[in-house]
Amino acid sequence: MNDLSKWMGMPLDASGHGVDIDIMMSWVHWLMLVLFLIWAPFFLYCLWRFNAKRHPRAIYTGVKSKISSYLEGGVVIAEAVLLVGFALPIWATIKNDFPEESESTIVNVIAEQFAWNVVYPGADGEFGLTTLTKPIQIDTSDPRGEDDVIITNTLHLVKDRPVIVNLSSRDVIHSFALPNMRVKQDAIPGLEIPVWFVPRMSTSEFRQQMAKEMPISDDERRRAQYPPYRWIAMRDYPDPADSTMLAEEGQRLSTRVLTRLYEGGITEVYASPEMEISCAQLCGGAHYSMRGTVIVHDTQEEFDAVLAESSF
Amino acid sequence: MAEDHSHSAHQEGFWRKYWFSTDHKVIGIQYGITAMLFLLFGFGLMLLMRWQLASPGVEIPLLGALTPEMYNQFGAMHGTIMVFLGIVPLAVGAFGNYVVPLQIGAPDMAFPRLNMASYHFYFWGGVVMLASFFVPEGAAKAGWTSYPPLANIETMGQTMWLWGMVLLITSSLLGAVNFLVTIIQLRTEGMTFFKMPFFVWAQFITAFLLLLAFPPLEAAGFLQLADRLLGTSFFMPSGLVTADGPLEVAGGGSPLLWQHLFWFLAHPEVYVLILPAMGIVAEVLANNTRKPLWGYKLMIYSLIFLGFFSFIVWAHHMFITGMGTTISAFFQITTMIISIPSVVILSALFITLFGGSIRFNAAMLFAVGFVPMFGIGGLTGLPLGLAPTDIPLHDTYYVIGHFHYVVAPGTIFALFAGIYYWYPKVTGRTLNETLGRIHFWGSMIAMNGIFLPMLHQGMAGMSRRLFDGGLTYSFTEGVLHYNSIMAVSAVVLLLFQLPFIYNFLTSAKWGKKVTKSNHWEATTLEWSAAPTPPIGHGNFETVPTVYHGPYEYSVPGHELDYCPQGVPIQLPGHTDKTVES
Ligand code: HEM
Ligand SMILES: [Cu+2]
Ligand SMILES: [Cu+2]
């Protein structure tokens, strides 16, 4: 009753504040449903009862009761509750209650046609300048940037550690959407806009929850071709004939891999999707494929190790 | 008098009579036919897009496989054509022009030549828009919203789009002034404001919206033209880098300025899309329930309230641009407030049905269909109007579902209702009822087949304007299969328009002739005082006088169940209120 998010088809929520949004979403839809369920039977009844065949002469005065005024009053109250009880406080938290910088992962995300450049500040915690080139690079003349790392299209985070994203764009307006984190913020050239959230679910937990047997039908492979399918194998798949690996756990199921599995006689694969970054604002020809992934590490050590690896 | 006219028409010649006409009825028909052709064309673009979404990359016969650039052109032009070249010209230019002077007992619009100019600006605006498909690299591809910087750095088609918009806006402004003056000045004897049909009221408020909301967009259009052609930077900040390296622009501008100017127009514009539709539905409902519109005055107050408030809700389209708490609180509050008069009008339409003696002809079916469909559209506006719930939904298919419910099975159904209702007025012949029923039921089912899945897709997070229909992302997995259902529904929708097109084209010549002027036994002046079809300039054989309100159906003590506005009656109980001496 309180949280219909699954029932309404919303993506799995992996964030701290998501549940507030989901509950509010549910109540708004309850209101819609109730109004619809009041109107619809009345409407159908009128159409049936007052058909000219059944009711040859209309009643001049029509409805005299005040019920509709009460209904409208009810809508006013319900909307006021949604506004004051949910919308305003939730928005205030999202916009104003930023976590302590010292306790947060801080990254710059610089959007461009058609990639998400995620800049990590390195050990000094300070961001250096970036170049006006394409692809974007760390400006080596700025000492603050010596230990900065740019990872394109992957946002690494740590479970339960708040993250502050300073969002900007170098060309057109993009929109930084993380469906699983209930985050969406336009990236607007000329502005740097901070966004924060807390990932409450790690990627491994997410994959556990989302994994399922996927049929590799011809149709599935056709889809996979266009463009590469975005699922991860959740188990090793050795070739039944010899002992070579057709797919390993954690491997992305590209067309090539899917075809290999299919030809090896495997018609179902245990796989999971990823948490994704999607661009929600039309930004040009390849807008549709401006995709990134979010990897939430279980520990800070794992996170540090990945960044250290990327800085060479 | 009619003979007189045809004689002079003969001297006027074809061009003067049918192309450069100053008669509001001919101009209304010009608008209607042009707008319907544009609607069909915009629908065609949508079919191509739906094909692509259902089977990405599969070749379309004759056209080949779509490219992302083509897809974006089709999307931007579909939106622009449907809104600015289809629905508004049909709702305001055609129905408004044809019906308003007749309903208020006026001989014509106040400024017949301005009226003609308005149509010609519209026509050439449309030509420019269509021509933009043929310039190098094609038509505009930055969406009907044309957000800079993307729109600023797009190819030549965007410049054409802007010029086209300048012409269309000019046309709307001329039309709006004309409607305002006509309704204020040319009401016939006895036609006080509160005796005007609801349709006239709707056109009246719509004209105010057009007059006050369009100028900022026209100005914004010129600013964007200057950015593109003269090297200014109204909407371009400094430090932009594209694939070709740093952009050589002066910089210092703001992309958000465009969004404010655009939505300052475009929110009132959505009411321009819906108010005339409500007006038509009100007329058809009153006529076919054979009873007065319930809460006529209340509906008019709601309408006026909607008109005012529609100017202070625009930034609910921009919650996700980074809006803080104060401004967003303001726009959330105004948005919730504006939903109330919509609920009031909708309730009034529902309640009007109660106690009626309902005739289910084709016009009525469409009008009745409008009501719940508009209801779904309006209700789905709520989660979008509250900022936190807008986070997951903004720029997804949920938004697309929301506004299509309002505009497609909403406004377009109302427009169909209007066509079936006023066709006999215009031609003297009726549309075929059986074909009309087929048209209604097929359209009803197909429209829901297209738009209902959108709400679910949007909930799952699927963004709008995706060339591959969401295949890139895995979170769309559970809702991808809808894409083929929607494509099939779109084709079905096309098929069910064929009986209508056939009906519309042939009935003017071979349809059943109406036996009396007041074919629907209606109360408003266009039926009861003017002949069917109406005569040329002048409209009325004798100038009518109005004695009472517009919806005196089934008045107790009267044998006939309708009392035309131009015939004096004794209204039992409220003599003093409705009959003025
Ligand atoms: C009942 C009241 C309504 C409310 C509360 C409402 C609210 C909203 C909101 C908040 C949005 C922006 C959503 C987003 O981009 O995230 C929106 C979009 C839209 N609405 Fe409504 N709306 C209502 C009625 C209407 C009506 C009557 C129409 C038109 C006839 C309409 C047409 C549109 C259109 C065209 C858009 C999309 C614009 C775009 O982004 O391309 N809405 N609505
Ligand atoms: Cu983008
Ligand atoms: Cu709006």
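Residues numbered from 1 in each chain as written. Chains lettered and ligands numbered in written order. Predicted model: local features only at pLDDT ≥ 70, side-chain atom pairs only at ≥ 80, totals over all residues. Heavy atoms only, no water.

Caption draft 1: Expanded view of the overall build of chain A. Regarding its fold elements, chain A presents six helices and 15 strands. Relative to the compact-globule value of 20 Å for 312 residues, chain A shows a C-alpha radius of gyration of 26 Å, a clear excess of over 25%. For the C-alpha atoms alone, the extent of chain A along its principal axes is close to 85 × 55 × 35 Å. Within chain A, the proportion of its 312 residues that are buried is 54%. Per element, the accessible surface of chain A, about 14100 Å² overall, is 57% carbon and sulfur. In chain A, the 27 positive side-chain charges and the 41 negative ones have mean positions that sit 17 Å from each other. (Helix = DSSP H or I, 4+ residues; strand = E, 2+ residues; numbered from the N terminus. Rg over C-alpha atoms; globule rule 2.2 N^0.38 Å. Buried < 20%, exposed > 50% of the residue type's maximum accessible area, 1.4 Å probe, protein only. Areas by Shrake-Rupley, 256 points an atom, 1.4 Å probe, with all protein chains shown as cover. Lys, Arg positive; Asp, Glu negative; His and termini not counted. Charge placed at Lys NZ, Arg CZ, Asp CG, Glu CD.)

Caption draft 2: A look at the pattern of salt bridges. Within the structure shown, the criterion is met by 16 salt bridges over all chains. Of the charged contacts, one joins Asp142 of chain A and Arg144 of chain A as a salt bridge, the two residues approaching to 2.9 Å between their closest N and O atoms. (Salt bridge = Lys/Arg side-chain N within 4 Å of Asp/Glu carboxyl O.)

Caption draft 3: A look at the coordination of the copper ion (ligand 3). All names here are of chain B. Protein ligation of the copper ion (ligand 3) involves His267 (ND1), His316 (NE2) and His317 (NE2), the donor distances falling in the range 1.8 to 2.1 Å. Here the iron atom of ligand 1 and the copper ion (ligand 3) are spaced 4.7 Å from one another. On the criterion of sequence distance, the pair formed by His267 in helix H8 (residues 255-289) and His317 in the loop between helix H9 (296-309) and helix H10 (325-352) is long-range, its members being 50 residues apart. A relative accessible area of 6% means that His267 is categorised as buried. Classification of His317 as partly exposed rests on a relative accessible area of 22%. (Donors = N, O, S within 2.8 Å, 3.2 Å for Na, K, Ca; no water.)

Caption draft 4: Inspection of the sheet that holds strand E15 (residues 291-297) of chain A at higher detail. All names here are of chain A. On the basis of which strands lie adjacent, the open sheet formed by five strands has the order E4-E15-E14-E6-E7 and mixed pairing. Both outer strands of the open sheet, strand E4 (154-158) and strand E7 (183-187), are each paired with one neighbouring strand and no more. The mean angle between the axes of side-by-side strands here comes to 20°, regardless of whether they run parallel or antiparallel. Bridging between strand E6 (residues 174-178) and strand E14 (residues 275-279) involves two bridges; their strand directions are antiparallel. Following the sheet pairing, Phe176 is matched in E14 by Cys279. Contacting E4 and E15, helix H6 (residues 300-310) runs over the sheet at an angle of about 150° to E4. (Pairing = 2+ DSSP bridges. Axes fitted to C-alpha atoms, helices over the stretch in contact; angles between N-to-C directions. Contact = heavy atoms within 4.5 Å.)

Caption draft 5: Broad picture of the confidence of the model for chain B. With 96% of its residues at a pLDDT of 70 or more, chain B has an overall mean of 91. Overall fold confidence for the complex sits at a pTM of 0.94, while the interface term, ipTM, reaches 0.94. (pLDDT = per-residue confidence, 0-100.)

Caption draft 6: A look at the coordination of the iron atom of ligand 1. Coordination of the iron atom of ligand 1 by the protein involves just one donor, His402 of chain B (NE2), at a distance of 2.2 Å. Mapping His402 of chain B onto the fold places it in helix H14 (residues 397-427).

Caption draft 7: The packing of H14 of chain B against helix H16 (residues 482-510) of chain B, seen in detail. Residues and elements named next belong to chain B. At their nearest, the axes of H14 and H16 sit 11 Å apart, and the two run at 10° to each other. In this view, H14 runs roughly parallel relative to H16, as classed from their interaxial angle. You can see that H14 and H16 cross each other, and the crossing is left-handed. Across the interface between the two elements, Phe416, Ile419, Tyr420, Tyr423 and Thr427 of H14 pack against Gln497, Phe500, Asn503, Phe504, Ser507 and Ala508 of H16. Classifying every residue of the contact of H14 with H16 gives seven nonpolar, four polar and no charged. (Parallel < 35°, antiparallel > 145°, perpendicular 65-115°, else oblique. Left-handed = near helix turned anticlockwise from the far one by under 90°. Nonpolar A, V, L, I, M, F, W, Y, C, P; charged D, E, K, R; others polar.)

Caption draft 8: Spatial organisation of the interface of chain A and chain B. Residue-level contacts link 89 residues of chain A with 102 residues of chain B. Across the chain A/chain B interface, buried area totals approximately 8300 Å², and carbon plus sulfur atoms make up 68% of it. There are one salt bridge connecting chain A and chain B. Lys212 of chain A serves as the salt-bridge partner of Glu477 of chain B, at 3.0 Å between the closest nitrogen and oxygen. Those elements that provide at least two residues to the side of chain A that touches chain B are helix H1 (18-49), helix H2 (67-96), E7 and E14 of chain A. (Buried area = accessible area lost by both parts, 1.4 Å probe.)

Caption draft 9: Broad picture of the site of ligand 1. Residue and element names in this part refer to chain B. Near ligand 1 there are 21 residues, and of these Trp144, Asp390, His394, His402 and Arg464 occur at the shortest range. Asp390 places a polar side-chain atom, nitrogen or oxygen, 2.6 Å from an oxygen atom of ligand 1. Only H8, helix H11 (362-379), helix H12 (381-385) and H14 provide two or more residues apiece to the shell around ligand 1. Broken down by element, the shell around ligand 1 gets its largest block of residues, five residues, from H14. (Near = heavy atom within 4 Å. Polar contact = N/O pair within 3.5 Å; in protein donor to acceptor, adjacent residues only side chain to side chain.)

Caption draft 10: Structural context of empty space enclosed by the protein. Per the stated rule, a full pass over the model turns up four cavities of 30 Å³ or more. As a volume, the largest cavity reaches approximately 200 Å³. Taken together, 21 residues line the largest cavity, and the ones lying closest to its centre are Tyr31, Val88, Pro89, Ser171 and Ser172 of chain B. Of all the secondary-structure elements, those providing two or more residues to the lining of the largest cavity are helix H3 (68-103), helix H4 (112-131), helix H6 (156-185) and helix H7 (198-229) of chain B. Of the residues forming the lining of the largest cavity, the biggest block, seven residues, is contributed by H6 of chain B. Residues of the lining of the largest cavity, tallied by class, amount to 13 nonpolar, seven polar and one charged. Of the volumes computed, that of the second largest cavity is approximately 110 Å³. The wall of the second largest cavity is formed by 15 residues, among which Ala177, Pro179 and Lys184 of chain A together with Pro392 and Gly461 of chain B lie closest to the centre. Split by residue class, the lining of the second largest cavity holds nine nonpolar, four polar and two charged. (1 Å grid on protein atoms, 1.4 Å probe; cavity = no way out; pocket = protein on both sides within 12 Å on 5 of 7 lines; lining within 4 Å. Points joined across faces, edges and corners; volume = space filled by probe spheres on them.)

Caption draft 11: Spotlight on the nonpolar core. Core analysis: the biggest nonpolar cluster contains 220 residues, and Met77, Phe198, Leu217, Leu275 and Phe370 of chain B have the highest contact counts within it. Dropping the residues within four chain positions of it, Phe198 of chain B is found in contact with Met278, Gly279, Ala282, Glu283, Leu293, Tyr296, Met299, Ile300, Leu303 and Tyr551 of chain B. Core analysis: the next-biggest nonpolar cluster, separate from the first, contains 39 residues, Cys279 and Val296 of chain A together with Ala142 and Ala151 of chain B among them. (Core = buried A, V, L, I, M, F, W, Y, C linked by side-chain atoms within 4.5 Å.)

Caption draft 12: Main features of the environment of Leu129 of chain A. Residues and elements named next belong to chain A. Inspection of the secondary structure assignment puts Leu129 in the loop between strand E2 (115-120) and strand E3 (149-152). Residue Leu129 is classed as partly exposed on the basis of its relative accessible area of 46%. Through-space distance from the C-alpha of Leu129 to that of Ala280 is 27 Å; in sequence the pair is 151 residues apart. For Leu129, the residues in contact, after removing those within four places along its chain, are Gln137, Ile138, Asp139, Asp142 and Arg144.

Caption draft 13: Representation of the sheet that holds strand E10 (residues 232-233) of chain A within the structure. All names here are of chain A. As summarised here, the arrangement of the three strands in space is E9-E13-E10, forming an open sheet in which the pairing is antiparallel. Edge positions in the sheet fall to strand E9 (212-215) and E10, since each has one partner strand and no second. The sheet contact formed by E9 and strand E13 (residues 268-272) spans four bridges and is antiparallel. In the sheet register, Pro215 faces E13, and the bridge partner there is Glu268.

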